[in-house]
Amino acid sequence: MSEVHVRVPGRVNLIGEHTDYNGGMVLPAALSVGLELTLSPRADEHVMARSNGYKDVQRSLSDAANNNWSDPVVGALREARSMGLIAHGADVSITSTIPAGSGLSSSAALIVAVLKAAREAGRGEQSNEELAIAARRVENEYMGVPCGIMDQMAVALATSGAAMALDTNTLEYELFALPKTHKIAVIHSGVFRKLTEGRYAQRKQECDEAKAFFGTEDLCLLDPEEVTQSSFAETPRKRALHCATEHRRVLAAIEALKANDIASLGRAMNESHVSMRDNFEMSLPAIDALVSDAQKFGATGARLTGGGFGGCIVTCVESAAFDDWVAKLLAVHPKAKLIDTVCGG
Ligand code: ADP
Ligand code: MG
């Protein structure tokens, strides 16, 4: 059977962290780093997977997840088979410029790439939204990662130069051009983490406790004042307060983008970092220092991005000042690395 080739971008979330499984809005944008994948359907149940920098593996479609790098591939092929896109296993080969485990959705890019390739191979008619929903199932049910829908929707649907304002309850979205005068820059902190390490799951659990207490699935739609005044235990109350305020910051950021008011966009990003640090407690001292220096050297906005506990920060910096700014920042943070910049128009 013939070979299919697809490319899926990484994504950076401008603002809206941990809102995507709490009924809120998010604002991700496609990056120029991406993942390329070649898929050839096979006539048996084997999955042969290879990727630069990873050990070649031979798996079977009947395998359970076993903490191997290829779990997203096997899980995605199982979904593709249940959608009737492939009848058996496949050979899959990957090259990627998205750093893994850094909050830029390498896992979602890999799963969505397998599903898009399988759709092409099987001449399927599933929409990109349907593939995004299937991709989330792979992470939630096959791999046991309790993530929301943002990553999958963003890598399946976002277009370059635009941010995607996504309502994670309804999956309705609108694209807004990124600023033309500023660069959105993604900088890796040098600290790596794995979502399966458990801290992400712990935050999800704390949000579930808050959902039970407040009697709603949509922590993001609670009134922040009501959360603050409640008699709820401090830790889950802080998690709920992050969700309720972060959702409002996303709305403010969307308005700011629409009005080309980059100062307000930056303010929302900076406030988001404070809430992630103090209320959601998902940052680390090394990342706080990187964000603080990014702001000190002149970024309009800077915050941790992604699931937390490592990975990347996202910044918004005036284009004319960018080279000088990044040189100063990397000089005092030698472990940090510029991954990508994107902008509108
Ligand atoms: P991220 O924030 O990048 O999505 P995750 O921990 O969710 O981080 O996903 C990382 C996992 O995705 C890796 O352990 C591996 O299973 C898979 N992955 C990502 N990029 C690649 C790649 N280039 N080749 C093979 N597997 C990859
Ligand atoms: Mg991931």
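Above this text sits the structure in question.
Residues numbered from 1 in each chain as written. Chains lettered and ligands numbered in written order. Predicted model: local features only at pLDDT ≥ 70, side-chain atom pairs only at ≥ 80, totals over all residues. Heavy atoms only, no water.

This part covers the overall build of the protein. A count of helical and extended segments in the protein gives 10 helices and 12 strands. Here the C-alpha atoms of the protein give a radius of gyration of 20 Å, agreeing with the 20 Å that 2.2 N^0.38 yields for 345 residues. Expressed along its principal axes, the backbone C-alpha trace of the protein runs to roughly 60 × 50 × 35 Å. In the protein, which comprises 345 residues, the proportion classed as buried is 57%. At a minimum sequence separation of 6, the contacts of the protein that also span at least 24 residues come to 70%. As displayed, the protein has an accessible area near 13,800 Å², and 48% of this comes from carbon and sulfur atoms. Computed over 34 positive and 43 negative side-chain charges, the inter-centroid distance for the protein is 4 Å. (Helix = DSSP H or I, 4+ residues; strand = E, 2+ residues; numbered from the N terminus. Rg over C-alpha atoms; globule rule 2.2 N^0.38 Å. Buried < 20%, exposed > 50% of the residue type's maximum accessible area, 1.4 Å probe, protein only. Contact = heavy atoms within 4.5 Å. Areas by Shrake-Rupley, 256 points an atom, 1.4 Å probe, with all protein chains shown as cover. Lys, Arg positive; Asp, Glu negative; His and termini not counted. Charge placed at Lys NZ, Arg CZ, Asp CG, Glu CD.)

If you add up the space inside the largest pocket, you get close to 920 Å³. Lining of the largest pocket is provided by 42 residues; of these, Ala100, Gly101, Ser106, Ser107 and Met143 occupy positions nearest its centre. The dominant element in the lining of the largest pocket, judged by the number of residues it contributes, is helix H2 (residues 106-121), at 3 residues. Along the lines of polarity and charge, the residues of the lining of the largest pocket split into 17 nonpolar, 17 polar and 8 charged. (1 Å grid on protein atoms, 1.4 Å probe; cavity = no way out; pocket = protein on both sides within 12 Å on 5 of 7 lines; lining within 4 Å. Points joined across faces, edges and corners; volume = space filled by probe spheres on them. Nonpolar A, V, L, I, M, F, W, Y, C, P; charged D, E, K, R; others polar.)

Moving on, we come to the side chain of His18. Relative to the elements of secondary structure, His18 occurs in the loop between strand E1 (4-13) and strand E2 (25-26). Of the polar contacts made by the side chain of His18, one reaches the backbone oxygen of Gly307; its length is 2.9 Å. Excluding residues that lie within four positions of it along the chain, His18 makes contacts with Tyr200, Cys243, Phe280, Met282 and Gly307. (Polar contact = N/O pair within 3.5 Å; in protein donor to acceptor, adjacent residues only side chain to side chain.)

Turning to the nonpolar core, a few remarks are in order. Counting 77 residues, the largest nonpolar core has Leu27, Leu37, Val73 and Leu77 as the members making the most contacts within it. Formed jointly, this core draws a minimum of three residues from each of two domains, domain 1 (4-177) and domain 2 (182-342). Ignoring sequence-local partners within four residues, the contact set of Val73 consists of Val47, Ala49, Val92, Ile94, Leu110 and Val114. (Core = buried A, V, L, I, M, F, W, Y, C linked by side-chain atoms within 4.5 Å. Domains from an automatic or database assignment.)

Turning to the packing of helix H9 (residues 285-296) against helix H10 (residues 322-332), a few remarks are in order. Relative orientation of the contacting elements H9 and H10 amounts to 150°, with a least axis distance of 10 Å. Here the hand of the crossing between H9 and H10 comes out right-handed. Side by side, H9 and H10 meet where Leu290, Asp293 and Ala294 of the first sit next to Trp325, Leu329 and Val332 of the second. Of the residues belonging to the contact of H9 with H10, the class tally is 5 nonpolar, no polar and 1 charged. (Axes fitted to C-alpha atoms, helices over the stretch in contact; angles between N-to-C directions. Left-handed = near helix turned anticlockwise from the far one by under 90°.)

We now examine the site of ligand 1. The environment of ligand 1 is formed by 18 residues, the closest being Ser51, Trp69, Gly101, Ser106 and Ser107. In this structure, Trp69 approaches ligand 1 through a main-chain N or O atom, which is 2.7 Å from an oxygen atom. When ligand 1 sits alone it has 570 Å² of accessible area, and the protein chains cover 89% of it. Assessed atom by atom at 2 Å from the grid points, ligand 1 resides in the largest pocket. Where the shell around ligand 1 is concerned, the elements lending two or more residues are strand E6 (90-96) and H2. Per element, the largest residue contribution to the shell around ligand 1 is 3 residues, and it comes from H2. In terms of residue class, the shell around ligand 1 is made up of 9 nonpolar, 8 polar and 1 charged. (Near = heavy atom within 4 Å. Sits in = over half its atoms within 2 Å of the grid points.)

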